[in-house]
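A look at the structure
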Amino acid sequence: MSTLDYYDSNILNFAKRNDIISTLYHRFLTYGYQQIRTSTFESYDLYSTVTGTIPQDEMIKVIDPSGKVLVLRPDVTIPITQEIAAKNTSLQNAKRYFYVLDVFRQSFGDNGSKERTQAGIEYFGEKSAAADAEVIALAIHALRDLGDYTFKIEIGHAGFFKHLASHLNLNDTDFERLRQYIQAKNMTEIVPFLQNLQLDKDIATAVRQIPILYGDPDHVLKQAKSIALNDDMLAELDHLHDVYQVLKGYGMENSVVFDLGLINHMNYYSDIIFQGFMENVSRPVLMGGRYDSLAEQFGASIPAIGFAYDIEGLLDATKTKQVITLPQPIVINYEKNTENSALHLANELRQEHYEVIVEETEKSAATPDFHIQINQQTKSFTHNGHMTEFKTSEELFTLLKEATADGSINNCSS
């Protein structure tokens, strides 16, 4: 790849990335969310003392001049929750926030990168099927905004597995092994693992069923109820049923499946959890869930639910189906005695959100695709080798609308 091709490729990536973020930004606003941010550098103690957070060996640590250990922000939910809990022990009214921030972890190193951008939301103060469904509907709505791409939201429940696991009496090591087997749907390892535990038949049967409780929500709920061991597990299934009914009201039912084998590694999730996949991307582009007990670690009682998109994942997904042409600026060339006229016209074009470069004719070396020439006697617009003279700005805008129709002029408002 030549240097020029490399930079052109990066320009395209930045343009597409900004388009994705802008699309998510505007969709978040339509659901009543307000933007918030947290510090890039956070106290190491914030993450090391909160249970269910990022493993310590995944954090990127730095030492400030005073000797205090800091970490580059590995997660956004925890510092936002701490900030909300510091100001409120409870909430009378719901609060909705969104963010677009970088997070840093050692575990991102599959391609040498330790930094990823997340765009996410946090919904504090309400615990209900309607609140859960609203958040999932927002996640689906934003994915639809990105274009005609195939995707699915997988919905599970952290509490369902935790209630089941309470019957197993596993140590931490065995619990983690079982979690990994279920998450990977590794039936080859699960069966002998359970045999070694010498469990009651009903419990062993229920655990074996967990990884295959995937697919149509109504079918999954029916199968799950047949293996539920207690009222708590039945209550979790009833909640999932209620969420699904609200999603039907949103018209989102065709975008979701249920997966009761979904067990997220972020252990602060307490109830409903979900993740989103897009075609041709192997990892989730979206992860989220309810974390009602997280604020309790900061001395508050505030139910909450949220999610985050992986911007790099979305960029990979949208690359596979859409070829972007390099945005082309409009170049205005002028003779020295027509400089004022050229600059005035450039201002008019920029006011309409066009990208414009202004150069004196004798200094211009390139042959632009979209070219305006300002001479003493004439003004002309050239596109695809066809030159048209114009007299007024209105006539030029008509010509530009025709040229813009093919998407090759960079109008920053589009």
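Structure report, in brief. (Residues numbered from 1 in each chain as written. Predicted model: local features only at pLDDT ≥ 70, side-chain atom pairs only at ≥ 80, totals over all residues. Heavy atoms only, no water.)

1. Here we look at unusual backbone geometry
This is how it is decided: Runs of H or I in DSSP of at least four residues are treated as helices and runs of E of at least two as strands, each being numbered from the N terminus.
Of note in this structure, Asn169 is not a glycine but carries a positive phi near 55°. In this structure, Asn169 sits in the loop between helix H5 (158–165) and helix H6 (172–183).

2. With respect to the packing of H6 against helix H7 (residues 187–197)
Operational definition: Every angle, taken between N-to-C directions, lies between 0 and 180 degrees, and every axis is a line fitted to C-alpha atoms, over only the stretch in contact when it is a helix. Two helices cross in a left-handed way if the nearer one is turned anticlockwise from the farther one by less than a right angle. They cross in a right-handed way if the turn is clockwise. Here a residue-residue contact requires only that any non-hydrogen atoms of the pair lie within 4.5 Å.
Axis separation between H6 and H7 bottoms out at 9 Å; the angle between their running directions is 145°. Here H6 and H7 pass one another in a crossing that is left-handed. Every residue of H7 that contacts H6 at Asp174, Arg177, Leu178, Tyr181 and Ile182 is listed here: Glu189, Ile190 and Phe193.

3. Some thoughts on the packing of aromatic side chains
Which entries qualify depends on this criterion: Any two rings among Phe, Tyr and Trp, with Trp reduced to its six-membered ring, count as a pair given centres within 6.5 Å; such a pair is stacked if its planes are under 30 degrees apart, edge-to-face if over 60, and tilted if neither.
This model, assessed by the stated rule, comprises 12 aromatic pairs. Residues Tyr181 and Phe193 carry aromatic rings whose centres are separated by 5.8 Å and whose planes lie at 80° to one another, so their mutual orientation is edge-to-face. Of this pair, Tyr181 sits in helix H6 while Phe193 sits in helix H7, and the two are 12 residues apart along the sequence. Taken together through their ring pairs, the aromatic side chains of Tyr25, Phe28, Phe98, Phe274, Phe307 and Tyr309 make up a single cluster.

4. Quick word on the side chain of His383
We count it as follows: Counting of polar contacts relies on pairs of N or O atoms within 3.5 Å, with two restrictions inside protein: one atom must be capable of donating a hydrogen and the other of accepting it, and residues adjacent in sequence are counted only when both atoms are side-chain atoms.
The topology assignment puts His383 in strand S16 (residues 379–383). A polar side-chain atom of His383 sits 3.2 Å from a polar atom in the side chain of Asn384.

5. Examining the sheet that holds strand S11 (residues 286–290)
To keep it simple, the criterion reads: Should DSSP find at least two bridges between two strands, the strands are taken to pair.
Taken in spatial order, the nine strands make up an open sheet running S1-S5-S6-S12-S11-S10-S7-S9-S8, and their pairing is mixed. For this open sheet the edge positions go to strand S1 (34–35) and strand S8 (214–215), each flanked by a neighbour on one side alone. Taken together, the two bridges between S8 and strand S9 (residues 256–259) define a ladder with antiparallel strand orientation. Within S9, the position partnered with Tyr214 by the bridge is Asp259. Of the strands in this sheet, S8 and S9 touch helix H9 (residues 217–225), which is tilted by about 15° from S9.

6. Quick word on the pattern of salt bridges
Where we set the bar: Whenever a carboxyl oxygen of Asp or Glu lies within 4 Å of a side-chain nitrogen of Lys or Arg, that contact is scored as a salt bridge. Per-residue accessibility, obtained with a 1.4 Å probe over protein chains only, is compared with the maximum for each type, and a residue is labelled buried under 20%, exposed over 50%, and partly exposed between these values.
Enumeration over the complete set of coordinates arrives at 16 salt bridges. Here Glu312 and Arg17 are joined by a salt bridge, their closest N and O atoms 2.9 Å apart. Taken together, the positions of Glu312 in helix H11 (residues 311–319) and Arg17 in helix H1 (residues 3–30) put the pair 295 residues apart, joining distant regions of the chain. For the salt bridge of Asp132 with Arg290, the shortest nitrogen-to-oxygen distance reads 2.7 Å. You can see Asp132 sitting in helix H4 (residues 129–145) and its partner Arg290 sitting in strand S11, a full 158 residues away along the chain. There is no split in this pair, since Asp132 and Arg290 are both buried.

7. With respect to the nonpolar core
Cut-off, in case you're wondering: Joining through side-chain atoms within 4.5 Å is the link that ties buried Ala, Val, Leu, Ile, Met, Phe, Trp, Tyr and Cys residues into a set, and such a set is a nonpolar core.
The biggest cluster of nonpolar side chains holds 71 residues, and the ones touching the most others in it are Phe28, Ile155, Phe307, Tyr309 and Leu314. With 11 residues, H4 is the largest single contributor of residues to this core.

8. Some points on the packing of H5 against helix H10 (residues 231–250)
Let me state the cut-off plainly: In what follows, roughly perpendicular refers to angles from 65 to 115 degrees, roughly parallel to angles under 35, roughly antiparallel to angles over 145, and oblique to any angle outside these ranges. Gly is placed with the polar residues, together with every amino acid not listed as nonpolar (Ala, Val, Leu, Ile, Met, Phe, Trp, Tyr, Cys and Pro) or charged (Asp, Glu, Lys and Arg).
With their axes 9 Å apart at the nearest point, H5 and H10 run at an angle of 170° to one another. When the axes of H5 and H10 are compared, the pair comes out roughly antiparallel. Seen from above, H5 lies across H10 with left-handed handedness. For the pair H5 and H10, contact is made by Gly159, Phe160, His163 and Leu164 and by Asp232, Met233, Glu236 and Leu237, respectively. Of the residues assigned to the contact of H5 with H10, the class counts are four nonpolar, two polar and two charged.

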